[in-house]
Amino acid sequence: MNLENTQVQMRKGILEFCILKIISRGEVYASDMLGELTSAKIMVVEGTLYPLLTRLRKAGLVDYKWVESNSGPPRKYYTITDSGLDFVKSLDKTWQELVSSTSQIISNTK
């Protein structure tokens, strides 16, 4: 079994949740999402982020708007929809349950 592949799969599993959490805090530009994810050591590239954002938009969980920029082309800012907020609240609950369960297993010294 390849350790690196397992680590990548673990990170992929939480990427959508992390992106929705970032967007749920307020309007956000994709490069700012990339920066936050990278600083949290969740490595992601534009080629992964943009298709995921498109899937989330098609699912009705996020939306975007174009905003003119003084320093270049217009920027696409993402916001969460009401359905997205409900979805992320459910994911929050699932995350807390997973953290609790895995902490229990990890700390068991039997």
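Everything quoted here is computed from the prediction, not taken from an experiment.

Caption draft 1: How the structure looks around unusual backbone geometry. The backbone of lysine 41 sits at a positive phi, close to 65 degrees, despite the residue not being glycine. By the secondary structure assignment, lysine 41 is in the loop between helix H2 (30-39) and helix H3 (46-58).

Caption draft 2: Spotlight on the pairing of strand E3 (residues 72-80). Pairing between strand E1 (residues 28-29) and E3: 2 bridges, direction antiparallel. What sits directly across from tyrosine 29, in E3, is tyrosine 77. Strand direction decides the pairing type here: strand E2 (residues 62-69) and E3, joined by 7 bridges, are antiparallel. When the bridges of E3 are listed, tyrosine 64 appears paired with tyrosine 78. Between the end of E2 and the start of E3, which pair antiparallel, lie 2 residues.

Caption draft 3: Quick look at the nonpolar core. Formed by 23 residues in total, the largest nonpolar core has its most connected members in Ile19, Ile23, Met33, Leu37, Leu49, Leu53 and Tyr78. Only helix H1 (3-24), H2, H3 and E3 provide two or more residues apiece to this core. The element contributing the most residues to this core is H1, with 7 residues. Discounting residues that sit within four places of it in the chain, leucine 49 has contacts with Ile19, Ala30, Met33, Leu34 and Val44.

Caption draft 4: Structural context of the sheet that holds E2. The antiparallel open sheet is built from 3 strands, whose spatial order is E1-E3-E2. At either end of the open sheet lies a strand with only one pairing partner, and these are E1 and E2. Its contacts with the sheet place H1 against E1, E2 and E3, and it is angled at close to 100 degrees to E3.

Caption draft 5: Layout of the layout of surface pockets. In this structure, the largest pocket encloses a volume near 230 Å³. Around the largest pocket sit Met10, Arg11, Ile14, Trp95, Leu98, Val99 and Thr102, which together line it. Those elements giving two or more residues to the lining of the largest pocket turn out to be H1 and helix H4 (82-107). Looking at the lining of the largest pocket, the element that brings in the most residues is H4, giving 4 residues. Partitioning the lining of the largest pocket into residue classes produces 5 nonpolar, 1 polar and 1 charged. There is about 170 Å³ of room inside the second largest pocket. Lining the second largest pocket we find Val8, Arg11, Lys12, Leu15, Ile42, Met43, Val44, Val45 and Thr48. Per-element tally for the lining of the second largest pocket: the top contributor is H1, with 4 residues. Considered class by class, the residues forming the lining of the second largest pocket number 6 nonpolar, 1 polar and 2 charged.

Caption draft 6: Main features of H2. Three or more residues of H2 are buried, namely Ala30, Met33, Leu34 and Leu37. Considered in projection along H2, the buried side chains sweep an arc of 100 degrees and stay on one side of the axis. Just beyond H2, the residue with positive phi is lysine 41, at close to 65 degrees.

Calculation rules
Residues numbered from 1 in each chain as written. Predicted model: local features only at pLDDT ≥ 70, side-chain atom pairs only at ≥ 80, totals over all residues. Heavy atoms only, no water. Helix = DSSP H or I, 4+ residues; strand = E, 2+ residues; numbered from the N terminus. Pairing = 2+ DSSP bridges. Core = buried A, V, L, I, M, F, W, Y, C linked by side-chain atoms within 4.5 Å. Buried < 20%, exposed > 50% of the residue type's maximum accessible area, 1.4 Å probe, protein only. Contact = heavy atoms within 4.5 Å. Axes fitted to C-alpha atoms, helices over the stretch in contact; angles between N-to-C directions. 1 Å grid on protein atoms, 1.4 Å probe; cavity = no way out; pocket = protein on both sides within 12 Å on 5 of 7 lines; lining within 4 Å. Points joined across faces, edges and corners; volume = space filled by probe spheres on them. Nonpolar A, V, L, I, M, F, W, Y, C, P; charged D, E, K, R; others polar. Arc of directions from axis to C-beta.

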